[in-house]
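Here is how the chains run, residue by residue.
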Amino acid sequence: MKTAITELFGIEHPIIQGGMHYVGFAELASAVSNAGGLGIITGLTQKTPELLAKEIARCRDMTDEPFGVNLTFLPTFSAPPYPEYIAAIREGGVKIVETAGRSPEQYMPALKAAGIKVIHKCTSVRHSLKAEAIGCDAVSVDGFECGGHPGEDDMPNMILLPRAAEELTIPFVASGGMADARSLVAALALGAAGINMGTRFIATREAPVHDNVKQAIVAATEFDTRLVMRALRNTERVLTNKGVERLIEIEREKGRALKIDDILNEVAGVYPKVMIDGDMDAGAWSCGMVVGLINDVPTVKELIDRIMTEAEHIIRQRLTGFLDASRTPAKTLAVA
Ligand SMILES: Cc1cc2nc3c(=O)[nH]c(=O)nc-3n(C[C@H](O)[C@H](O)[C@H](O)COP(=O)(O)O)c2cc1C
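Cut-off values and rules
Residues numbered from 1 in each chain as written. Predicted model: local features only at pLDDT ≥ 70, side-chain atom pairs only at ≥ 80, totals over all residues. Heavy atoms only, no water. Pairing = 2+ DSSP bridges. Helix = DSSP H or I, 4+ residues; strand = E, 2+ residues; numbered from the N terminus. Axes fitted to C-alpha atoms, helices over the stretch in contact; angles between N-to-C directions. Buried < 20%, exposed > 50% of the residue type's maximum accessible area, 1.4 Å probe, protein only. Arc of directions from axis to C-beta. Contact = heavy atoms within 4.5 Å. Salt bridge = Lys/Arg side-chain N within 4 Å of Asp/Glu carboxyl O.

J.: Looking at this model, I keep getting lost on the sheet that holds strand β6 (residues 138–142). Mind explaining?
T.: Hydrogen bonds along the backbone pair up the strands of a sheet, which may run parallel or antiparallel. In space, the eight strands of this open sheet follow the order β1-β8-β7-β6-β5-β4-β3-β2, with parallel pairing throughout. Where the open sheet ends on each side, the last strands, each with one partner, are β1 (15–17) and β2 (39–42). Ignoring strand direction, the axes of neighbouring strands in this sheet form an average angle of 30°. Of the pairings in the sheet, the one linking strand β5 (residues 117–122) to β6 comprises four bridges and is parallel in character.

The structure is reproduced here in structure tokens:
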């Protein structure tokens with residue numbers, strides 16, 4: 001399948017693995033790239049630019065295919081040394097960066113001078129247009145369904161993607177709620193040139209996280225995510241657990257007076273406890289509503305091959321079948 005995204009990034013399939021804290025290590029990124037998608041290392045999971053340089057080198061040992069690095073611009077006063085992280089990316093020869101969080105405007109000259117293609121992940125049409133205006137090459141349009149930070153507009157992809165298609169000139173991928181071939185074909189129909197998946201890629205053999213996390217994803221239903229930190233205007237969609245229930249209780253008590261310090265136990269330092277130790281009640285970790293569609297733990301290649309094979313089937317059989325059915329007898333009527 002050829003789309004503006006496969007052409008832009010030089011990849012075989014229009015499937016991107018979004019940056020994920022404590023998940024997007026070289027093992028997962030290289031597996032996705034080797035399977036023909038675009039794997040992404042999560043920059044800030046590496047505590048220093050030197051460690052990121054090592055992770056990039058490790059990933060390069062595991063794949064000859066293109067891969068990217070995610071740089072999340074956090075709403076914090078003590079910002080990480082982003083210029084040094086960008087230097088590590090440039091010196092590591094990485095040519096694709098996924099930015100997220102705040103606008104990457106300030107860092108665009110450095111990224112562009114290094115010949116890096118930038119895909120900015122954002123949750124609204126206005127931020128997508130801003131990304132286009134500052135020279136981003138593509139956008140990852142992240143709907144309300146998504147795991148992680150859906151923003152404050154609560155706009156689901158069924159509306160957000162066609163709105164993005166109406167306004168954007170640069171290509172975009174659909175992010176949030178994407179799990180399978182049906183998601184890919186629907187995203188293409190809505191105007192996207194590919195998909196970005198987070199949660200789905202955690203439940204794969206190569207994702208370097210504790211097996212408890214993968215089993216929790218398989219066991220969860222679409223009713224099991226919660227939105228937290230809304231009062232802080234830093235809304236995050238997470239998988240519910242005892243820590244999250246406690247957090248929501250504190251949020252109820254404090255109301256609009258909530259401060260980040262009130263919930264530090266439930267949100268700070270949680271990722272290593274969950275992803276490495278498998279402590280599933282530790283607190284808030286990002287997870288999308290798409291958990292309701294995840295029922296197995298395949299290899300990354302099995303997952304991507306399955307998506308592409310079934311997407312072709314849906315397009316050639318089911319969709320064109322509807323058109324052919326108007327000309328031929330009912331036996332060719334397409335079913336799923
Ligand atoms: C466990 C987890 C950690 C994440 N960490 C980050 C992150 O550090 N930076 C970022 O830009 N996005 C992060 N995301 C968001 C994903 O890159 C992606 O946009 C999102 O998961 C898409 O929604 P989906 O989970 O429905 O596929 C994270 C998502 C998950 C599930």
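J.: I would appreciate a short explanation of helix α6 (residues 125–133) in the present structure.
T.: Every α-helical turn comprises 3.6 residues, leaving residues that sit three or four positions apart pointing alike. Taken together, the buried positions of α6 are V125, S128 and A131. All buried residues of α6 lie within an arc of 115° about the axis, which places them on one face of the element. Seen from the buried face of α6, the exposed residues on the opposite side, beyond 90 degrees, are R126 and A133. At its buried positions, α6 is contacted by β5, β6 and α7 (157–167).

J.: When you look at the pattern of salt bridges in this model, what are you seeing that I'm missing?
T.: Pairing of side chains with opposite charge becomes possible as their charged atoms draw close. Per the counting criterion, the structure on display carries 20 salt bridges. For the salt bridge of E91 with R90, the shortest nitrogen-to-oxygen distance reads 3.2 Å. The partner of K121 in a salt bridge is E98, with the nearest N and O atoms 3.4 Å apart. Highlighted residues: K121 in strand β5 and E98 in strand β4 (residues 96–101), separated in sequence by 23 residues. The same class applies to K121 as to E98, namely buried. Look at the salt bridges and you will find they share partners, linking E27, E55 and R58 into a network.

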